[in-house]
Amino acid sequence: MYFLLADAVVVFHFLFIAFVVAGGLLVLCRPWVAWVHLPAAFWGAFIEFAGWTCPLTPLENHLRSLGGGSIYRGDFIEQYLIPVIYPSGLTVFMQYIFGGLVIAINLIIYGFILYKHFFSKAKSSDH
């Protein structure tokens, strides 16, 4: 059961990272998502810049240790998701790049959203 919970944490972690990076795209069709996405994006960039470990990582490790200690070899989660979330050879410089990419991607998306919002208001006030 603990391994299943640990795998669920890894899946949630992966989905959270995807949301942090590209969740601004959801704001295009659901503006209220910005209230959830902006704090998540801030957290994701902050974790990278600070060099901290996301609290989900120790949670997963704790659950695995409660379940007997070892990670399954050849498991889908380990094979495909863990290398994406925890690449080997991760350096501080790479974390700065990842944090910068999170900020850059989201600035572009939110810049487009704001441009679209203000451009449509300016266009409607011209009439």
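First things first, this report covers the structure right here in the doc.

What counts, and where the lines are drawn
Residues numbered from 1 in each chain as written. Predicted model: local features only at pLDDT ≥ 70, side-chain atom pairs only at ≥ 80, totals over all residues. Heavy atoms only, no water. Helix = DSSP H or I, 4+ residues; strand = E, 2+ residues; numbered from the N terminus. Buried < 20%, exposed > 50% of the residue type's maximum accessible area, 1.4 Å probe, protein only. Contact = heavy atoms within 4.5 Å. Areas by Shrake-Rupley, 256 points an atom, 1.4 Å probe, with all protein chains shown as cover. Phe/Tyr/Trp six-rings, centres within 6.5 Å; stacked < 30°, edge-to-face > 60°. Arc of directions from axis to C-beta. Axes fitted to C-alpha atoms, helices over the stretch in contact; angles between N-to-C directions. Parallel < 35°, antiparallel > 145°, perpendicular 65-115°, else oblique. Nonpolar A, V, L, I, M, F, W, Y, C, P; charged D, E, K, R; others polar. Core = buried A, V, L, I, M, F, W, Y, C linked by side-chain atoms within 4.5 Å. Patch = residues over 30% accessible without salt bridge, like charges linked within 9 Å, V, L, I, M, F, W, Y side chains within 5 Å. Salt bridge = Lys/Arg side-chain N within 4 Å of Asp/Glu carboxyl O.

### Some thoughts on the overall build of the protein
Across its full length, the protein carries six helices and zero strands. Out of the 127 residues belonging to the protein, those deemed buried represent 28%. Sequence-distant contacts, at least 24 apart, represent 75% of the contacts inside the protein between residues at least 6 apart. Carbon together with sulfur atoms contributes 74% to the accessible area of the protein, which is approximately 8,600 Å² in total.

### Focus: the packing of aromatic side chains
Per the stated rule, a full pass over the model turns up five aromatic pairs. Judged by centre distance (5.5 Å) and plane angle (15°), the rings of Tyr115 and Phe119 are stacked. With Tyr115 and Phe119 both in helix H6 (residues 92-125), this residue pair falls four residues apart, about one helical turn. According to the relative accessible area criterion, Phe119 is partly exposed, its value standing at 44%. Cluster of aromatic residues (ring-pair linked, three or more members): Phe42, Phe46 and Trp52.

### Observations concerning helix H4 (residues 56-66)
Listed in full, the buried residues belonging to H4 are Leu56, Thr57, Glu60, Leu63 and Arg64. All buried residues of H4 project into a common sector of 130° when viewed along the axis, lining one side. Two residues or fewer past H4, Gly68 is found with a positive phi of approximately 125°.

### Examining the packing of helix H1 (residues 2-22) against helix H3 (residues 34-50)
Across the interface, H1 lies against H3 with an axial gap of 8 Å and an inter-helix angle of 105°. As far as their axial angle goes, H3 and H1 are roughly perpendicular. Packed against H1, whose contacting residues are Phe16, Phe19 and Val20, the element H3 presents Val36, His37, Ala40, Ala41, Trp43 and Gly44 at the interface. Here the contact of H1 with H3 is composed, by residue class, of seven nonpolar, two polar and no charged.

### Describing the nonpolar core
Formed by Phe19, Val20, Val27, Val33, Ala34, Ala40, Ala45, Val102, Ile109, Tyr110 and Ile113, the largest nonpolar core amounts to 11 residues. Secondary structure elements with two or more residues in this core: H1, H3 and H6. Those residues in contact with Val102 that lie beyond four places of it in its chain are Val20, Val21, Ala41 and Ala45. If you look at the next biggest cluster of nonpolar residues, it comprises five residues, including Val9, Cys54, Leu56 and Leu63.

### Quick look at a nonpolar patch on the surface
A grouping of Leu90, Phe93, Ile97, Phe98, Leu101 and Ile105 is seen on the molecular surface, where their side chains present a nonpolar patch of about 530 Å² in accessible area. Relative to the elements of secondary structure, Leu101 occurs in helix H6. The exposure class of Leu101 is partly exposed, given its relative accessible area of 43%.

### As for the pattern of salt bridges
Pairing of side chains with opposite charge becomes possible as their charged atoms draw close. One pass over the full model with this rule turns up two salt bridges. As a salt-bridge pair, Arg64 and Glu60 come within 3.0 Å of each other at their nearest N and O atoms. Residue Arg64 and its partner Glu60 are located together in helix H4, separated by four residues, close to a single helical turn. Note on accessibility: Arg64 and Glu60 belong to one class, buried.

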